[in-house]
Amino acid sequence: MQAVAVTAQGGPEVLQVIERPDPVPGPGQVLVRVLAAVVHPADVAARLGLIPGGPIEPPFLPGWDFAGEVVEIGDGGGEYRPGDRVVGMVPWYRTRGAVGAYAELIAADSDWVVPLPEGLDPAVASTVPLNALTARQALDLLALPPMSTVLITGASGGVGGFAAQLAVRAGHRVLAHAGRDDEDWVRDLGVAQVVPKEVDLAEVGPVPAVLDAVPLAESAAVAVTDGGTLVTTRPTPPVDPARGVRQQVVLIQFDRSLLGELIVEVAQGRLRTRVATTLPLTSAAEAHRIVEAGGVRGKVVLTPAYGTSG
């Protein structure tokens, strides 16, 4: 099979197409032909060696989220059969590049995947796992009382966009910090107020809860009420202890049952997500350049050469 490996720490050029033996599904695994794999900022961070636990010795395979088709079942592979469409997430915090989504084939634990609903495009489905699970778990950490006000940064992005929708649906008043010229999409998520990117968030607060999905660090922390709650997607500098702000970092925990629910909601149109562009798997370096440049409306998705239909 073809895969894309990080061959050294550095710029996008260190992403190289390699050939590896086709993986064989072991006990409890399914072999998935990848139809779509998402390029996340976390992949860029891994390529640069800027990840929790320290850099990984190259070569390694990046990539968390994927959608595809089951082609083979290992012993005890569970409910799946060849031809079943699935969407899932490589628990990259555990595999650390031994297995990654930038590949034509993945030998995945059957617990890593859920059924891909009929009619849902694999590229769209692949944008859900990491971002939607992180968003839901971040809101759980905020532990918002009923009908709370919450400020969400990066509401144009993956985590922030899902979090805004989930918070609105839960009955909360959402102040959504939007990317430049992307306010209309965020407004359509049902938020109470769209906060343009250039606005000083100190002028928006104080609010009792902030989900800093970008994260903006100090720029977002100033909007939290003293005694309020701040949840971030990466570690940020501590808030002055005298302010009594509860500060937590959301670290994704894979939840197969929850992912199944979220995928169904996307398929039913109850949750929205966006694909900005699709590129061949062999153009992974260009995909990283696009993600690093910023300003992308939606996710960049890699598609192996045999296509995305199914």
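Numbering of residues starts from 1 in each chain and follows the order in which that chain's sequence is written. It should be noted that, the model being predicted, local features are given only for residues of pLDDT at least 70 and side-chain atom pairs only at 80 or more, the latter also being counted only at that level, while totals for whole chains, interfaces and linings use all residues. Each side-chain value is worked out from all heavy atoms of the structure, with water and hydrogens disregarded.

*Asks:* Teacher, can you tell me more about the pairing of strand β12 (residues 224-232) here?
*Replies:* If a strand is regular, its side chains alternate between the two faces of the sheet. Here a strand pair is declared whenever DSSP counts at least two bridges between the two strands. Numbering of helices and strands starts at the N terminus; helices are DSSP runs of H or I of at least 4 residues and strands are runs of E of at least 2. In this structure, strand β11 (residues 207-212) lies alongside β12, joined through five bridges in parallel fashion. Paired with Asp 212 across the two strands is Thr 232, which belongs to β12. Looking at chain direction, β12 and strand β13 (residues 246-249) are connected through four bridges and run parallel. Bridging from a neighbouring strand, Thr 232 pairs with Val 249 of β13.

*Asks:* I'm lost on helix α4 (residues 129-142) in this one. Help?
*Replies:* Three or four residues apart is the spacing at which side chains of an α-helix point the same way, because the helix has 3.6 residues per turn. Multiplying 1.5 Å by the helix residue count minus one yields the expected span of that helix. For α4, spanning 14 residues, the distance from its first C-alpha to its last is 20 Å, which sits close to the expected 20 Å at 1.5 Å a residue. To sort residues, take the accessible area from a 1.4 Å probe on protein chains only and compare it with the maximum for the residue type: under 20% means buried, over 50% means exposed, and anything in between is partly exposed. Most of α4 is tucked away: eleven of the 14 residues are buried. All of the buried residues in α4 are Pro 129, Leu 130, Asn 131, Ala 132, Leu 133, Thr 134, Ala 135, Gln 137, Ala 138, Leu 139 and Leu 142. Ala 143 sits one or two positions beyond α4 and adopts a positive phi of about 50°.

*Asks:* Can you help me understand the side chain of Gln 165 in this one?
*Replies:* Among the structural elements, Gln 165 can be located in helix α5 (residues 158-169). On the basis of relative accessibility, which here comes to 8%, the residue Gln 165 falls in the buried class. Here a residue-residue contact requires only that any non-hydrogen atoms of the pair lie within 4.5 Å. Once residues within four sequence positions are removed from consideration, Gln 165 is found in contact with Leu 189, Arg 270, Leu 271 and Arg 272.

*Asks:* Would you take a moment to explain the packing of aromatic side chains for this structure?
*Replies:* Where two aromatic rings form a pair, the distance of their centres and the angle of their planes describe that pair. Each pair of aromatic rings taken from Phe, Tyr and Trp, with Trp reduced to its six-membered ring, is defined by centres within 6.5 Å and is described as stacked if the planes are under 30 degrees apart, edge-to-face if over 60, and tilted in the remaining cases. Within the structure shown, the criterion is met by three aromatic pairs. Consider the rings of Phe 60 and Trp 92, whose centres lie 5.8 Å apart with planes at 65°: the pair is edge-to-face. Taken together, the residues Phe 60 in the loop between α1 (41-48) and β4 (65-73) and Trp 92 in helix α2 (residues 92-95) connect sequence positions 32 residues apart. What makes Phe 60 buried here is its relative accessible area of 2%. On the basis of relative accessibility, which here comes to 5%, the residue Trp 92 falls in the buried class. Ring plane angle 50° and centroid distance 5.9 Å describe the contact between Trp 64 and Tyr 93, whose orientation is recorded as tilted. Linking Trp 64 in the loop between α1 and β4 with Tyr 93 in helix α2, this pair joins segments that are 29 residues apart in sequence. Since its relative accessible area comes to 35%, Tyr 93 is described here as partly exposed. Connected via pairs of aromatic rings, a cluster forms that spans Phe 60, Trp 64, Trp 92 and Tyr 93. Counting as a charge over the ring demands two things of the Lys NZ or Arg CZ atom: a distance within 6 Å of the ring centre and an angle within 35 degrees of the ring normal. A cation sits over an aromatic face here: Arg 274 above Trp 185, 3.8 Å from the ring centre.

*Asks:* When you look at the side chain of Thr 232 in this model, what are you seeing that I'm missing?
*Replies:* Secondary-structure assignment places Thr 232 in strand β12. Judged by relative accessible area, which is 1%, Thr 232 ranks as buried. For the purposes of these results, a polar contact is taken to be a pair of N or O atoms within 3.5 Å, where, inside protein, one atom must be able to donate a hydrogen and its partner to accept one; residues adjacent in sequence count only when each atom of the pair is a side-chain atom. A polar atom in the side chain of Thr 232 sits 2.8 Å from the backbone oxygen of Arg 234. For Thr 232, the residues in contact, after removing those within four places along its chain, are Asp 212, Pro 215, Gln 248, Val 249 and Val 250.

*Asks:* What is the right way to read the sheet that holds β13 from this model?
*Replies:* The strands making up a sheet associate through backbone hydrogen bonding, with each pair oriented either parallel or antiparallel. The strand order across the open sheet formed by six strands is β10-β9-β8-β11-β12-β13, and the pairing between neighbours is parallel. A strand with exactly one partner marks an edge of an open sheet, and here the two such strands are β10 (193-195) and β13. Shown here is a sheet whose adjacent strand axes are inclined to one another by a mean of 20°, direction ignored. Taken together, the three bridges between strand β9 (residues 173-177) and β10 define a ladder with parallel strand orientation. Residue pairing for β10: His 177 is matched across the bridge by Val 195. In this analysis an axis means a line fitted to C-alpha atoms, helices contributing only their contacting stretch, and an angle means the value between N-to-C directions, from 0 to 180 degrees.

*Asks:* Please explain the environment of Leu 142 as it appears in this structure.
*Replies:* Secondary-structure assignment places Leu 142 in helix α4. Taking the C-alpha atoms as reference points, Leu 142 and Gly 161, 19 residues apart in sequence, are found 16 Å from one another. The contact partners of Leu 142, leaving out residues within four places of it in the chain, are Val 150, Ala 209, Val 210, Leu 211, Thr 229, Val 231 and Arg 246.

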